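# A closer look at the structure
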Amino acid sequence: MAEGVSRRSFIKTAGLSAAATMGPGMVEVALTVNGAARKVKIDPAATLLETLRVDCNLTGAKEVCDRASCGACSVLVDGKLVCSCMMLALDAQGCAVTTVEGLVGADGKPDAVQAAFIKHDALQCGFCTPGFVIAARALLNVNPKPTLAEIKGALAGNICRCGAYTNIFNAVLEASGQAVVADGG
Amino acid sequence: MATTTPTMNRPMNLGASAADHLDRVDALAKVTGAAKYGRDRYLPGSLFAALIRCPWGSAELLSDNAAEVGKLAGVVEIKISRREGTYHGRDVGYVLADSVVALKRAMNALKLEWKRREVKTRIEDTVKEPPAINEDAKKVLDAAAKKLSAVYSTPVQTHSSLETHGCVVDHRGDSATVYASTQGTFAFRDGLDEALKLKGSDFEIVCEYVGGGFGSKLGGPGKEGLNAARISAARGKPVYLFVNREEEHLDTGNRPSSMTFAELAFENDGTITGGQILTFGGVGVARGGGGCDVPSGRYNFGDLRRAHTDVSFNAGGPRAMRAPGKPQGAFAEELMLDEVALACNVDPLELRMRLARSGNHKEMMKAGAKLIGWANRIPTGTQTGTIRRGMGVGLCSWGLFPARAEGEVVIYRDGSVEARTGTQDIGTGQRTIMGVVAAEAVGINPDEVRCSIGSSKLPVGPGSGGSVTAPNTAPPMRAAALDAKNKLLTIIAKELNVEASALEIVKGEVLRGGQRVMSFKDACQRITGDSITGRSDAAKVDTSGKGHSDGVQFVELSVDTETGVIHLHNVVALQSCGRVLARKTAESQIIGGVIQGLSYALFEQRVLDRVTGAMVNANLESYKILGPKDMPHITPVLWSKGQTKVCSLGEPPVIPTAGAVACAVLNAIGAPVRSLPITPAKVLAALAGVGGKKNEDGGAR
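Residues numbered from 1 in each chain as written. Chains lettered and ligands numbered in written order. Predicted model: local features only at pLDDT ≥ 70, side-chain atom pairs only at ≥ 80, totals over all residues. Heavy atoms only, no water.

### A few points about the overall build of chain B
We count it as follows: Counting from the N terminus, the helices are DSSP H or I runs at least four residues long and the strands are E runs at least two residues long. In this treatment the radius of gyration is a C-alpha quantity, and the globule benchmark scales as 2.2 Å times the residue count to the 0.38 power. The contact rule is simple, with two residues in contact once any of their heavy atoms fall within 4.5 Å. Under the convention used here, a 1.4 Å probe and the Shrake-Rupley method define accessible areas, while residue burial counts only the protein chains that appear. Asp and Glu are treated as the negative residues and Lys and Arg as the positive ones, with His and the ends of the chain left uncounted. Taken as the charge location is NZ of Lys, CZ of Arg, CG of Asp or CD of Glu.
When you go through chain B residue by residue, the secondary structure sums to 17 helices and 27 strands. The C-alpha radius of gyration computed for chain B amounts to 28 Å, which stays within 12% of the reference 27 Å derived for 701 residues, consistent with globular compactness. Each of the three principal axes of chain B carries a C-alpha extent, and together these read 90 × 75 × 45 Å. Long-range pairs, those at least 24 residues apart, make up 79% of the contacts in chain B with a sequence separation of at least 6. A total of about 25,300 Å² of accessible surface is found on chain B, and carbon and sulfur atoms cover 49% of it. Put simply, chain B has 84 plus and 75 minus side-chain charges, and the middle of one group is 0 Å from the middle of the other.

If you want it as structure tokens, here you go:
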């Protein structure tokens with residue numbers, strides 16, 4: 001394998017010859033997703049995103065760009081913000097994976113970030129929303145009182161095409177217990 | 001069920017609607033990942049399909065290894081049905097596999113040998129010289145005190161819906177369910193009967209959530225839907241076919257490019273006496289659809305000659321995109337007004353106050369000028385620092401168009417209420433406003449109404465295009481709710497031995513002469529069957545189509561004259577939309593329109609290789625869309641005074657933004673950038689043209 005080519009990019013994009021020689025087909029992986037242990041049979045080339053969506057029926061994380069340039073597939077892996085389209089499910093074994101579905105409390109109540117997104121209408125079509133919610137949660141986990149500039153920076157890996165950013169910033173400020181950006185009278 | 005959580009950060013909009021603090025009713029489903037989009041429907045036993053595409057602007061397929069790839073594990077079928085393409089992304093066949101991974105592996109393994117042919121990729125490949133000036137226009141120009149001769153151009157903008165085009169078709173022999181990502185539930189149904197070999201009533205289009213569309217998902221099932229339907233019908237299995245990001249850029253429509261050749265005559269005070277405006281639309285392989293709306297009719301342009309021509313070349317064709325034809329026209333129009341103002345040494349806002357035809361626009365300009373602080377605007381061409389500030393302004397307008405829509409409101413014995421319309425919600429808040437309208441007419445709170453939308457089995461409704469959904473679905477939904485309420489009150493009136501007209505429902509209580517008779521829930525228990533259904537009567541619903549939505553936007557920015565980088569600071573967007581139904585979702589529509597307009601102004605452009613015709617930035621890292629860090633502060637102002645009729649809102653806020661940005665850049669640097677997107681390179685070139693600093697080698701810095 002050439003230097004600089006990751007295992008993921010090699011396996012994910014492997015062509016005809018590799019496909020024929022890659023081996024035994026489906027493999028069983030043990031994942032811990034939203035606190036629950038799951039065993040699924042997957043193709044070794046499956047990304048974490050595909051596995052969550054197709055095999056775990058957790059479709060909150062979305063495939064939009066499939067190359068880590070939009071953030072729609074964001075999940076937390078051991079608390080760290082990860083684009084799940086860029087990680088093999090095999091590599092997530094032994095890690096704690098948290099998806100947007102997993103932020104909902106045991107009592108069914110949404111996380112503070114989710115509640116603030118609802119309050120400030122920080123979404124329109126909603127397709128990017130799970131990614132933004134996860135990215136915002138990842139930020140607040142390490143920086144409980146971010147400035148507006150820090151919020152913009154932390155969310156810079158996410159794209160919203162409908163244009164909900166203004167309300168997303170306010171939702172993150174609200175979720176961190178800070179005053180939202182107000183418009184004059 | 002919806003929740004109501006007050007927000008007080010936009011005090012000027014408080015009181016705009018009857019449901020100021022109502023949250024979007026499907027927000028909870030969207031923030032928790034529970035909302036199921038078409039792309040989220042993985043049915044047991046599904047087959048996965050992808051379209052094979054021509055990789056060049058024009059090419060002939062010489063050979064393929066389909067037979068070899070077809071033998072790979074998991075590959076079900078490879079079909080190549082065409083052996084040439086006349087644009088990058090033209091579908092020539094499909095691959096079918098039994099898993100996502102097998103499909104990707106097969107697509108990667110597929111080797112196609114193409115012979116490229118010569119291509120055209122731009123309007124300029126056909127329009128090589130400025131068009132001639134009409135004789136009549138020449139007379140006006142010859143008599144003018146001052147003249148402007150300028151060419152304005154805009155690039156192709158792709159819709160870039162985050163949920164790509166496609167659907168899941170589950171054909172079960174004598175029936176089918178289609179989970180579609182569409183802006184037109186009923187158009188999707190009407191285009192699919194032949195491919196499914198079923199009658200429209202034998203299958204259902206389900207579209208509960210749509211991940212964006214912006215116009216590109218209006219035109220029926222498209223090639224994605226037709227292919228999935230045919231394959232599912234033939235194989236009797238569910239078929240999942242969603243295009244990938246690259247294909248979404250290439251072959252699902254776009255806002256066409258434009259060129260505007262302006263020859264304007266004007267007086268010393270800026271009064272425009274006429275001239276000629278010729279526009280060209282770049283429509284790819286399409287033959288039309290490239291309109292460029294300038295002059296818009298919002299300003300007085302005097303005695304003007306006007307013509308438009310669409311130009312074809314080797315690229316994917318256009319589709320309606322949020323306010324089709326309008327932003328490209330408004331960009332040219334607003335910038336030429338500022339150029340006229342500069343030539344006459346007149347404040348561009350003052351010039352607009354004189355040239356604008358609508359009193360509403362003038363009033364909005366006055367109000368917006370105060371909010372942005374126009375009095376602090378620095379006159380154009382007077383700044384010398386590295387960082388220079390600029391302000392710009394632009395106008396928009398949108399009409400009201402009729403569309404067929406019906407509604408149903410069901411009141412159940414258990415006291416619950418359901419509003420039903422087949423129309424989809426692409427993010428506008430359609431589901432929310434249906435609840436608001438039904439609740440108000442019945443006399444209960446909006447969060448007590450459940451809204452069922454996005455199914456071809458529900459009452460017919462329009463596609464989400466032209467901003468027709470709210471204006472056309474609100475009146476029938478109101479009529480249906482009133483019908484249901486009257487049926488309920490008739491039951492109660494009989495029991496009380498009074499006329500139904502003597503009763504009313506207010507805030508969940510049945511009243512007679514202002515006195516409480518019983519609760520709404522108690523009243524519902526007197527329903528004899530399971531429920532009563534109120535229906536709209538199409539003949540009684542006002543679809544006169546009269547109504548207008550106006551808007552004015554102000555942009556404040558600064559330009560770094562060393563780097564050419566533009567920093568956006570503030571946008572004030574005033575927008576009328578008739579009667580506002582739900583404040584929060586209405587504000588979001590305005591903010592979203594502005595952001596798409598800013599993105600169009602500064603970043604977005606489809607780049608085609610001029611030799612091969614291939615799009616070189618068909619992804620989201622080099623097809624740049626405005627992101628969080630690029631964001632200015634945006635103030636959405638709902639201009640709703642005294643409005644009673646529901647008017648359009650989705651389309652107009654995207655219209656004036658790019659023009660206002662271009663005017664602000666001119667104000668800052670003293671030279672116009674007449675081509676979108678306004679990149680740092682173009683800013684530096686414009687600066688160099690007006691005596692900006694030069695590098696030692698003579699190039700612009």
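Still to come is the rest of the account.
### Comments concerning the domain arrangement of chain B
Residues and elements named next belong to chain B. Under the convention used in this document: For each domain, the first and last residues come from an automatic or database assignment. One speaks of a salt bridge when a side-chain nitrogen belonging to Lys or Arg is within 4 Å of a carboxyl oxygen belonging to Asp or Glu. Asp, Glu, Lys and Arg are counted as charged, while Ala, Val, Leu, Ile, Met, Phe, Trp, Tyr, Cys and Pro are counted as nonpolar; the rest, among them Gly, fall into the polar class.
The domain architecture assigned to chain B consists of domain 1 (39-117 + 165-242), domain 2 (254-399 + 548-687) and domain 3 (408-540). A straight line from the C-alpha centre of domain 1 to that of domain 3 covers 40 Å. The partner domain 3 presents 17 residues to the 18 residues of domain 1 that form the contact. Summed over the shared surface of domain 1 and domain 3, the result is zero salt bridges. Here the residues of the side of domain 1 that touches domain 3 are counted per class, giving eight nonpolar, six polar and four charged.

### Things to note about the pattern of salt bridges
Note the cut-off: Accessibility here uses a 1.4 Å probe with only protein chains present; expressed as a share of the type maximum, an area under 20% marks a residue as buried, one over 50% as exposed, and anything in between as partly exposed.
Tallying each qualifying case throughout the model produces 53 salt bridges over all chains. A salt bridge links arginine 161 of chain A to glutamate 604 of chain B; its shortest N-O distance comes to 2.7 Å. Separated into two different chains, arginine 161 of chain A in the loop between α6 (148-154) and α7 (165-175) and glutamate 604 of chain B in the loop between α15 (583-602) and β27 (633-638) make up a pair that spans both. Across the pair glutamate 509 of chain B and arginine 516 of chain B runs a salt bridge, and its minimum N-O distance is 2.5 Å. Looking at glutamate 509 of chain B, the relative accessible area reads 26%, which means it is partly exposed.

### Some words on the packing of helix α10 (residues 348-355) of chain B against helix α11 (residues 359-372) of chain B
Residue and element names in this part refer to chain B. Selection criterion: Each axis is a line fitted through C-alpha atoms, and for a helix only the stretch in contact is used; angles between axes span 0 to 180 degrees, taken between their N-to-C directions. Angles below 35 degrees are treated as roughly parallel, those above 145 as roughly antiparallel, those between 65 and 115 as roughly perpendicular, and all remaining angles as oblique. Here a crossing is called left-handed whenever its near helix is offset anticlockwise from the far helix by less than a right angle, and right-handed whenever the offset is clockwise.
For the pair α10 and α11, the least separation of the axes is 9 Å and the interaxial angle reads 160°. One way to sum up the angle between α10 and α11 is to call them roughly antiparallel. Crossing geometry of α10 relative to α11 is assigned as left-handed. Within the contact between the two elements, α10 uses Leu349, Arg352 and Met353 and α11 uses Lys362, Met365, Lys366 and Ala369. Of the residues in the contact of α10 with α11, the class split is four nonpolar, no polar and three charged.

### Things to note about the environment of valine 661 of chain B
All names here are of chain B. You can see valine 661 is positioned in helix α16 (residues 657-669). Judged by its relative accessible area of 0%, valine 661 is buried. Here the alpha-carbon distance between valine 661 and alanine 601, two residues 60 residues apart in the chain, equals 6.8 Å. Excluding residues within four positions of it along the chain, valine 661 makes contact with Val555, Leu557, Leu598, Ala601, Leu602 and Ile678.

### Thoughts on the side chain of arginine 255 of chain B
Residues and elements named next belong to chain B. Inclusion rule: Here a polar contact is recorded for every N or O atom pair within 3.5 Å, except that within protein the pair must consist of a potential hydrogen donor and a potential acceptor, and residues adjacent in sequence are included only if both atoms are side-chain atoms.
As for its placement among the helices and strands, arginine 255 is situated in strand β13 (residues 254-255). Of the side chains bearing the opposite charge, glutamate 651 lies closest to the buried arginine 255, which forms no salt bridge; the N-O distance is 7.1 Å. Within polar-contact distance, the side chain of arginine 255 engages the side chain of glutamine 328 at 3.4 Å.

### Focus: the domain arrangement of chain A
All names here are of chain A. Note the following rule: For any pair of parts, buried area is found by adding up, for both, the accessible area (1.4 Å probe) each one loses once the two are put together.
Parsing chain A into structural domains produces domain 1 (27-102) and domain 2 (112-175). Taken over C-alpha atoms, the centre of domain 1 sits 21 Å from the centre of domain 2. Between domain 1 and domain 2, the contact holds 15 residues from the first and 13 residues from the second. Overall, the association of domain 1 and domain 2 removes approximately 1,000 Å² of surface from exposure, summing both partners, and the carbon and sulfur fraction of that is 69%.

### Digging into the nonpolar core
Rules: Among buried residues, those of type Ala, Val, Leu, Ile, Met, Phe, Trp, Tyr and Cys that are joined through side-chain atoms within 4.5 Å constitute a nonpolar core.
Counting residues in each nonpolar core, the largest one holds 140 residues, and the members touching the most others are Phe117 of chain A together with Met336, Phe554 and Ile678 of chain B. Residues Val409, Val417, Val437 and Ala582 of chain B belong to the second largest nonpolar core, which totals 42 residues.

### Notes on empty space enclosed by the protein
Residues and elements named next belong to chain B. Here is the rule we go by: For cavity detection a 1 Å grid was placed over the protein atoms alone, and a set of points counts as a cavity when a 1.4 Å probe fits there but cannot get out; an open set counts as a pocket when protein lies on both sides within 12 Å along at least five of seven lines, with lining residues being those that have an atom within 4 Å of a point. Grid points are joined across faces, edges and corners, and a volume is the space filled by probe spheres set on the points.
Per the stated rule, a full pass over the model turns up six cavities of 30 Å³ or more. In this structure, the second largest cavity occupies an estimated 60 Å³ of space. By residue number, the principal contributor to the lining of the second largest cavity is α15, which donates three residues.

### Digging into helix α17 (residues 680-689) of chain B
Along α17 of chain B, the residues classified as buried are Val683, Leu684, Ala686, Leu687 and Ala688 of chain B. Next to the buried residues of α17 of chain B lie β17 (387-398), β25 (549-560), β26 (566-575) and α16 of chain B.

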